[in-house]
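The residues making up each chain are set out below.
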Amino acid sequence: MNPTPLGGMSLDTFLSEYWQKKPLLIRSALPQIESPVDADVLAGLACEESVESRLIIKHGASWELKHGPFSDEIFSTLPEADWTLLVQAVDHCVPKAAELLEIFNFIPRWRIDDLMMSYANNGGGVGPHFDNYDVFLVQTSGQRKWEVGGIYDESSSTCENLPVKILDNFQATDCWVLEPGDILYVPPGFGHNGIAQGDGCITCSIGFRAPSHIEILREYTDYLGDRLTESLRYQDDDLTAQRNTGEISVRTLEKIQQILCDYAQDSNAISDWFGRYITTPKYPQVNDLEFNQSEHSYSLAELKNHLASDNYLIINEGSRFAFKSEAKQTTLFVDGQAIETHPSSNKLIELLCSHLTIHSEDFTQNEENLNLLLTLLNHSSLYLSQ
């Protein structure tokens, strides 16, 4: 396993004592860190139609929220202090950001959501809040003071009549100023408030997906609904006479419960649904294995020539890969689709699901592997190194 940015703490200790339990400050976790992009590039990304971005400006006791894309002119009208620019999924646009995300590849990859970057001038922040997911806050430039304290949920009181959710009566129990290379881990539900100390503050937020029960149930039932037929119906061939026909009998409820249990206990359906669900791209327009064909349709000969020239393949930063192994069959999930594979491709599949680049010496160039790579290449889940 690659080294972790946990300041010398073992991964087992971190998972058992901190993960989803309590915050952790890690000083000089990444001493050589450089911001994946500077302020100007981040502002440029915020002007792009396909990039999700926000500006949050504090005016005394009030807050203003603006959604991108922004024009270049808006940045020249910002106040000297008390504002922050937030740009989502920078790892989808900037390879260096994707490389930073790889440092946190000690948590199951399907849990990783994206890398959000924030730039703030003095006093800038989003106010005291909590998240429903784990987050590592990596300081890459400037300084940011973090206040942490209390556990909150959706029932917690928030300030009224504001465009952003800010905790009411937030009380910090810890306070730290982070320097470049420092990392703060914050579990779900913990209140935290980041405030830029001086100008040029850049923070990278690595967020981890935590599907809500609502989302899990809705997505799984939608998956089932797309695959069932109208001929599958409730049956009561053992029906007996009732004293009152208006009553819903215990036996009826047991039958309904059994129908639901059958689907809830269908491990094959659940694993197929979950693999598709967790690899569905966050921004579907970035990559769709079924519809978004590569602009250039590559041939097997082109792929072989590329690999033979000491080149490599790169995972599309917007794509998501995962796999499951059952008995002798391995299924590769890519961008919401399931691909049945040959046993000889198992090593390649593990590489695809754990690395950003695939080199020719990393795998056996047999027919099954090359055809698999060609399929992924022609559906934009991979691209050629330049």
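Read on for a plain summary of the structure. (Residues numbered from 1 in each chain as written. Predicted model: local features only at pLDDT ≥ 70, side-chain atom pairs only at ≥ 80, totals over all residues. Heavy atoms only, no water.)

**Looking at the sheet that holds strand 7 (residues 144-151)**
Pairing in this open sheet of three strands is antiparallel, and the strands run 8-7-10 from one edge to the other. Two strands close off the open sheet at either side, each with one partner strand: strand 8 (174-178) and strand 10 (190-196). Strand-to-strand twist across the sheet, computed as the mean angle between neighbouring axes with direction ignored, equals 20°. Where strand 7 lies against strand 10, six bridges are found, and the strand directions are antiparallel. Looking at strand 10, one finds that W146 is bridged to G194. (Pairing = 2+ DSSP bridges. Helix = DSSP H or I, 4+ residues; strand = E, 2+ residues; numbered from the N terminus. Axes fitted to C-alpha atoms, helices over the stretch in contact; angles between N-to-C directions.)

**Side note on the packing of aromatic side chains**
One pass over the structure, following the stated rule, counts 20 aromatic pairs. Ring centres of F14 and F136 lie 5.8 Å apart, and the angle between their planes is 35°; this geometry places the pair in the tilted category. In this pair, F14 sits in helix 1 (residues 11-17) while F136 sits in strand 6 (residues 135-141), placing the two residues 122 residues apart along the sequence. In this structure F136 comes out as buried when scored by relative accessible area, which is 1%. An angle of 80° between the planes, with centres 5.1 Å apart, marks the rings of W110 and F274 as edge-to-face. Of this pair, W110 sits in the loop between helix 4 (95-102) and strand 5 (112-120) while F274 sits in helix 7 (residues 267-279), placing them 164 residues apart in sequence. (Phe/Tyr/Trp six-rings, centres within 6.5 Å; stacked < 30°, edge-to-face > 60°. Buried < 20%, exposed > 50% of the residue type's maximum accessible area, 1.4 Å probe, protein only.)

**Brief notes about empty space enclosed by the protein**
According to the stated counting rule, one finds one cavity of 30 Å³ or more in the structure shown. Of the voids in this model, the largest cavity is the one considered here, and its volume is about 410 Å³. Around the largest cavity, the lining is made up of 24 residues, and of these L101, R109, E317, S319 and R320 lie nearest the centre. Looking at the lining of the largest cavity, the elements with two or more residues in it are helix 4, strand 5, helix 7 and strand 13 (321-326). If you tally residues by element for the lining of the largest cavity, the top one is helix 4, at three residues. (1 Å grid on protein atoms, 1.4 Å probe; cavity = no way out; pocket = protein on both sides within 12 Å on 5 of 7 lines; lining within 4 Å. Points joined across faces, edges and corners; volume = space filled by probe spheres on them.)

**Some words on the state of the cysteines**
In the structure shown here, the tally under the stated rule is zero disulfides. Here C159 stays unpaired: no disulfide links it, and the sulfur of C175, its closest cysteine neighbor, is 19 Å away. Taking relative accessible area as the criterion, C159 reaches 29% and is therefore assigned partly exposed. (Disulfide = S-S within 2.5 Å.)

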